[in-house]
Amino acid sequence: MKIAFTTSDRVHINAHFGWAKMIDVYEITDEGYHFVETLTFEGELKEDGNEDKITPKLEAIGDCTIIYVTAIGGSAAARLIKKGVTPVKARSEEEEISEVLNKLVKTLKGNPPPWLRKALQPKTTNFADEIEDEATV
């Protein structure tokens, strides 16, 4: 599965979802993890209330299972969840991406908690969701 992290330094989970200029994506299994790519975003990202700024991010991380953030607005979180991406708030801006990845690998080897088991379920779309997605384009 793919896991995404909002970051400003590519080491820590230290960026607000809406304001993040970079999102690092990793592929993870119970065997380990590897870096996939850094997604970059331009423009005036700190403008509150501008829902258009999150649309490219939602599309870019649509194949991720989880995204770790320092903060996220309610509407962005709801839109992520609807796309099957679970937002998770980092404990602090000092939390390191590698630390979280190592914990996730260990968790996947053992007995994942209910929220993670749910996030691991295959994404399903129904006709109504597809129609609504087309209508918002």
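Now for a look at the structure at hand. Note that the structure is predicted; figures quoted are calculated from it, not measured.

## Digging into the packing of aromatic side chains
So, point 1. Tallying each qualifying case throughout the model produces four aromatic pairs.
So, point 2. Ring centres 6.0 Å apart and planes at 75° place the aromatic pair Tyr26 and Tyr33 in the edge-to-face group.
So, point 3. Residue class for Tyr33 comes out partly exposed when judged on its relative accessible area of 31%.
So, point 4. Here the aromatic rings of Tyr26 and Phe35 are separated by 5.5 Å at their centres, their planes lie at 75°, and the arrangement is edge-to-face.
So, point 5. Residue class for Tyr26 comes out buried when judged on its relative accessible area of 12%.
So, point 6. Given the relative accessible area of 36%, Phe35 is considered partly exposed.
So, point 7. Looking at Lys57, its charged tip hangs above the ring of Phe17, at a distance of 5.7 Å from the centre.
So, point 8. A cation over a ring is seen here: Lys57 above Phe41, with NZ or CZ 5.4 Å from the ring centre.

## Comments concerning the pairing of strand β2 (residues 22-29)
Side-chain direction in a regular strand flips from residue to residue, so the side chains alternate between the two faces of the sheet.
So, point 1. By the criterion of burial, β2 is predominantly enclosed, with six of the eight residues buried.
So, point 2. In the sheet, strand β1 (residues 2-7) pairs with β2 via six bridges, with the strands oriented antiparallel. Considered in β2, the bridge of Thr6 is made with Ile23.
So, point 3. Relative to strand β3 (residues 32-40), β2 runs antiparallel, the two being bridged by eight bridges. Looking at the pairing, Thr29 lines up with Gly32 of β3.
So, point 4. Between the end of β2 and the start of β3, which pair antiparallel, lie two residues.

## A short note on the pattern of salt bridges
So, point 1. Scanning all chains against the criterion turns up five salt bridges.
So, point 2. The closest approach of N and O atoms between Lys2 and Asp63, which form a salt bridge, is 2.7 Å. In this pair, Lys2 is assigned in strand β1 and Asp63 in the loop between α1 (55-60) and β4 (66-69), connecting sequence segments 61 residues apart.
So, point 3. Overall, Asp63 belongs to the partly exposed group, its relative accessible area being 45%.
So, point 4. Residues Glu99 and Lys103 are paired through a salt bridge, measuring 3.6 Å at the closest nitrogen-oxygen approach. In this pair, Glu99 and Lys103 both sit in helix α3 (residues 97-109), four residues apart, roughly one turn of the helix.
So, point 5. Judged by its relative accessible area of 31%, Glu99 is partly exposed.
So, point 6. The exposure class assigned to Lys103 is partly exposed, which follows from its relative accessible area of 40%.
So, point 7. Where salt bridges share partners, they join Arg91, Glu95, Glu99 and Lys103 into one cluster.

Each value, and the rule that gives it
Residues numbered from 1 in each chain as written. Predicted model: local features only at pLDDT ≥ 70, side-chain atom pairs only at ≥ 80, totals over all residues. Heavy atoms only, no water. Phe/Tyr/Trp six-rings, centres within 6.5 Å; stacked < 30°, edge-to-face > 60°. Buried < 20%, exposed > 50% of the residue type's maximum accessible area, 1.4 Å probe, protein only. Lys NZ or Arg CZ within 6 Å of the ring centre and 35° of its normal. Helix = DSSP H or I, 4+ residues; strand = E, 2+ residues; numbered from the N terminus. Pairing = 2+ DSSP bridges. Salt bridge = Lys/Arg side-chain N within 4 Å of Asp/Glu carboxyl O.

These results come straight from atomic positions and should not be treated as a statement about function.
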